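Here are the chains, one letter per residue:
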Amino acid sequence: MSSPQKTEKGIADMIPAPSGLGLDPADWSGLRAEAHRMLDDMLDHIATLPERPLWQPAPAEVRARFDAELPLQPTPLADVHADFRDAILPYGGGNGHPGFMGWVQGGGTAVGMLGDMLAAGLNSNLGGRDHVPLHVERQIGRWMRDVFGFPAAADGLFLTGASQANFVALIAARTRALGADARRKGLPARLRLTAYASREAHGCIPRAMDMAGLGSGQLRQIPTDDNRRIDLDALRAAIQVDRAEGHLPFLLIGSAGTVNTGAIDDLASLAEVAVEFGLHYHVDGALGALGVISPELKPLFAGIEAADSLAFDFHKWAQVPYDAGFLLVADGRWLRAAFSSDAAYLTRADEGLAGGDWWPCDLGPDLSRGFRALKTWFTIRTYGLDQLGSAMVGTCRLAKSLADRIDAEPALKLLAPVALNVVCFSYGDASAEAGVAPRHSLNGRIVERLHLEGEVAPSLTLVDGRPAIRAAIVNHRTRPDDIDRLVAGVLRIGSQEAGRATA
Ligand SMILES: *Cc1c(COP(=O)(O)O)cnc(C)c1O
């Protein structure tokens, strides 16, 4: 990766001097100086995000650097850092930039970065044992229990993201339905478990059914109403049909903010349906659930406290750096019944480092686990819930203002109601493009050209089969002028592209 003149610096500049005592440097002062430069670089990077392009294609020369051979000999840390600065830092995915509205991604903060740095320095393994880092994760679990109004017996754990949290919840629900015996014996023959979610549920839900061996075809994707919330009558009817046909309904999944449009299911009514039919009630709150920390948004999530389990992401709306997903369950025993094992090498002691009855490795599939809790703890403590909640409300206000702009622009059309912070719209009448591959559609070209321009980045989706521009306003850095740039860019490129098509 480094150029020849860089390596001429010689062995004296190599930070990992071969001391024969492991990988720590013989002289810490060089490492310390380089570390301070790295920190300054990253703080500068975050402080000046709005001034740089949101995204830019990596030139061939930069890409070629990543074809370099596997190194056998040491490279001075300063050279490795220089490569990072030149070839990685300028070519990121752009989600920290205020104009980023693509997909649903958080913007991160310097505070979260620092928490993550400290966690890496500590290098704790949060699979288990008795040490304070575990108490930090458990404290966050208790905070979330209280934030969501879950019962005292609730428990939870950090996972990579909501995809994994939804999957782990599904496994817990399966074990709850079949008993722990099913962990050994597998699924009894002829038993067909069915789960229910709306058509708008995230793609990780059918995949969780698939990964669990239940089959994505056993997920009933229920139609939605005009507000894209699950249709309760259709849901009841589907459960009854399945029962009559000998299926075993076991799981109902509500969405607290669908990924495509931000719609929030009637969470309280879903709780009633779950009780009526004896189903485990899970809520996928990846996008929106943490909105409950804002008094203004909280009423939208009424009923979430009645869920048996809840998946959500700190790395989206709460701006914690990637990755930081969380699963909360109303009764910790459900996770332990589904995941604990009695491996000899994980034997517990009454006291000392191996102390504690339950470790996080008893609650989920991972044994070794990083200290995701620390960056989250720094974020929650440093900003406080009020400030994090205000940032969420700010993104909803921007979404509302974007929807108003769209309504006022004859060339633009709003394609779905705006419940939270996601706005789906089109340039022109998208129905003319139904059936056109999104990437070849007019709206697809608009999104692509906006990405190449590097000022604002919405994403592309389908709404009722029509290509749609989707602005998911999640980043705390997004400002009204970013919305102005989005609208102006879509109108400018849209009229050029439409003109080209008719020319
Ligand atoms: C983002 C998202 C997911 C997936 O979460 P990851 O953290 O990306 O794994 C699931 N459901 C919804 C509604 C989402 O918005």
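This structure is a prediction, so every number in the text was calculated from the model and none was measured. (Residues numbered from 1 in each chain as written. Predicted model: local features only at pLDDT ≥ 70, side-chain atom pairs only at ≥ 80, totals over all residues. Heavy atoms only, no water.)

### Details of the packing of aromatic side chains
Next, step 1: Inspection of the entire model under this criterion finds eight aromatic pairs.
Next, step 2: Taking the centre distance of 5.0 Å and the plane angle of 45 degrees together, the rings of Phe148 and Phe312 count as tilted. Of the two residues, Phe148 sits in the loop between α6 (132–147) and β1 (155–159) while Phe312 sits in strand β6 (residues 309–313), which places them 164 residues apart along the sequence.
Next, step 3: In this structure Phe148 comes out as buried when scored by relative accessible area, which is 2%.
Next, step 4: Relative accessible area serves as the criterion here: at 0%, Phe312 is assigned to the buried category.
Next, step 5: Three or more aromatic residues joined by ring pairs form one cluster here, namely Phe148, Phe158, Phe312, Phe314 and Phe326.
Next, step 6: The cationic tip of Arg129 hangs over the ring face of Trp359; the distance from NZ or CZ to the ring centre is 5.6 Å.
Next, step 7: Residue placement shows Arg176 over the ring face of Trp334; its charged tip is 3.8 Å from the ring centre. (Phe/Tyr/Trp six-rings, centres within 6.5 Å; stacked < 30°, edge-to-face > 60°. Helix = DSSP H or I, 4+ residues; strand = E, 2+ residues; numbered from the N terminus. Buried < 20%, exposed > 50% of the residue type's maximum accessible area, 1.4 Å probe, protein only. Lys NZ or Arg CZ within 6 Å of the ring centre and 35° of its normal.)

### Overview of the site of the ligand
Next, step 1: In the vicinity of the ligand there are 13 residues, among which Ser163, Asp284, Asp313, His315 and Lys316 approach most closely.
Next, step 2: A distance of 2.6 Å separates an oxygen atom of the ligand from a polar side-chain atom of Ser163.
Next, step 3: When the ligand is considered free in solution it has 380 Å² of accessible area, and contact with the protein chains removes 85% of it.
Next, step 4: Broken down by class, the residue content of the shell around the ligand amounts to five nonpolar, five polar and three charged. (Near = heavy atom within 4 Å. Polar contact = N/O pair within 3.5 Å; in protein donor to acceptor, adjacent residues only side chain to side chain. Areas by Shrake-Rupley, 256 points an atom, 1.4 Å probe, with all protein chains shown as cover. Nonpolar A, V, L, I, M, F, W, Y, C, P; charged D, E, K, R; others polar.)

### What to know about unusual backbone geometry
Next, step 1: Looking along the chain, the bond that leaves Tyr322 and enters Asp323 is cis, with omega of -10 degrees.
Next, step 2: Mapping Asp323 onto the fold places it in the loop between β6 and β7 (325–329).
Next, step 3: A positive phi angle, near 75 degrees, is found at Arg190, a position not held by glycine.
Next, step 4: For Arg190, the position within the fold is in the loop between α8 (182–185) and β2 (193–198).
Next, step 5: With a relative accessible area of 78%, Arg190 lands in the exposed category.

### Observations regarding the confidence of the model for the chain
Next, step 1: In this model, the chain carries a mean pLDDT of 94, and residues with pLDDT of at least 70 account for 95%.
Next, step 2: When the criterion is pLDDT under 50, residues 1–11 qualifies, and its contacts beyond four places in sequence or with other chains add up to 14 contacts. (pLDDT = per-residue confidence, 0-100. Contact = heavy atoms within 4.5 Å.)

### A look at the nonpolar core
Next, step 1: Counting 98 residues, the largest nonpolar core has Met144, Phe148, Ile304, Phe312 and Phe314 as the members making the most contacts within it.
Next, step 2: Excluding residues that lie within four positions of it along the chain, Phe312 makes contacts with Met144, Phe148, Gly285, Ala286, Ala289, Leu290, Gly325, Phe326 and Leu328.
Next, step 3: In this structure, Met101, Tyr427, Leu450 and Ile483 belong to the second largest nonpolar core, which totals 22 residues. (Core = buried A, V, L, I, M, F, W, Y, C linked by side-chain atoms within 4.5 Å.)

### Description of the packing of helix α2 (residues 28–47) against helix α5 (residues 110–122)
If you want to describe how two helices pack, look at the angle between their axes and the distance between the axes.
Next, step 1: Orientation of α2 relative to α5, taken along the N-to-C sense of each, is 155 degrees, at an axis distance of 10 Å. Between α2 and α5, the angle is such that the two are roughly antiparallel. Of the two possible hands of crossing, α2 and α5 adopt the one that is right-handed. Residues Leu39, Met42, Leu43 and Ile46 of α2 form the contact with α5, whose participating residues are Ala110, Met113, Leu114 and Met117.
Next, step 2: Residue classes in the contact of α2 with α5 are distributed as eight nonpolar, no polar and no charged. (Axes fitted to C-alpha atoms, helices over the stretch in contact; angles between N-to-C directions. Parallel < 35°, antiparallel > 145°, perpendicular 65-115°, else oblique. Left-handed = near helix turned anticlockwise from the far one by under 90°.)

### Details of the pairing of strand β10 (residues 459–463)
Next, step 1: Side chains Ser459, Thr461 and Val463 project from β10 onto a buried face, and the interleaved Leu460 and Leu462 project onto a face without burial.
Next, step 2: Sheet topology places β10 next to strand β11 (residues 466–472); five bridges connect them, and they run antiparallel. Along β11, the bridge assignment pairs Leu462 with Pro467.
Next, step 3: Hairpin geometry of β10 and β11 is characterised by an intervening segment of two residues between the two adjacent antiparallel strands and by a positive phi of about 50 degrees at Asp464. (Pairing = 2+ DSSP bridges.)

### Considerations on the packing of α5 against helix α13 (residues 372–408)
Next, step 1: The N-to-C vectors of α5 and α13 enclose an angle of 140 degrees; their axes lie 7 Å apart at closest approach. Relative to α13, the element α5 lies oblique. Classified by chirality, the crossing of α13 by α5 is right-handed. Every residue of α13 that contacts α5 at Val111, Gly112, Gly115, Asp116, Leu118 and Ala119 is listed here: Leu374, Lys375, Phe378, Thr379, Thr382 and Tyr383.
Next, step 2: Split into classes, the residues belonging to the contact of α5 with α13 amount to six nonpolar, four polar and two charged.

### A look at the pairing of β1
Next, step 1: With respect to burial, β1 is a largely interior element, four of its five residues being buried.
Next, step 2: In this sheet, β7 lies alongside β1 in antiparallel orientation, the contact comprising five bridges. Paired with Asp155 across the bridge in β7 is Val329.

### Examining α2
Next, step 1: The end-to-end C-alpha distance of α2 is 28 Å, a good match for the 28 Å that 20 residues give at a rise of 1.5 Å each.
Next, step 2: Regarding α2, the residues found buried are Glu34, His45 and Ile46. Along α2, the residues classed as buried sweep out an arc of 110 degrees about the axis, all on the same side. More than 90 degrees from the buried face of α2, the exposed residues found are Arg32 and Ala47.
Next, step 3: On its buried face, α2 is in contact with α4 (77–88) and α5. (Expected span 1.5 Å × (residues − 1). Arc of directions from axis to C-beta.)

### Some words on the side chain of Ser294
Next, step 1: With respect to the helices and strands, Ser294 occurs in the loop between β5 (280–284) and β6.
Next, step 2: Setting aside residues up to four positions removed in sequence, Ser294 forms contacts with Gly389 and Val393.

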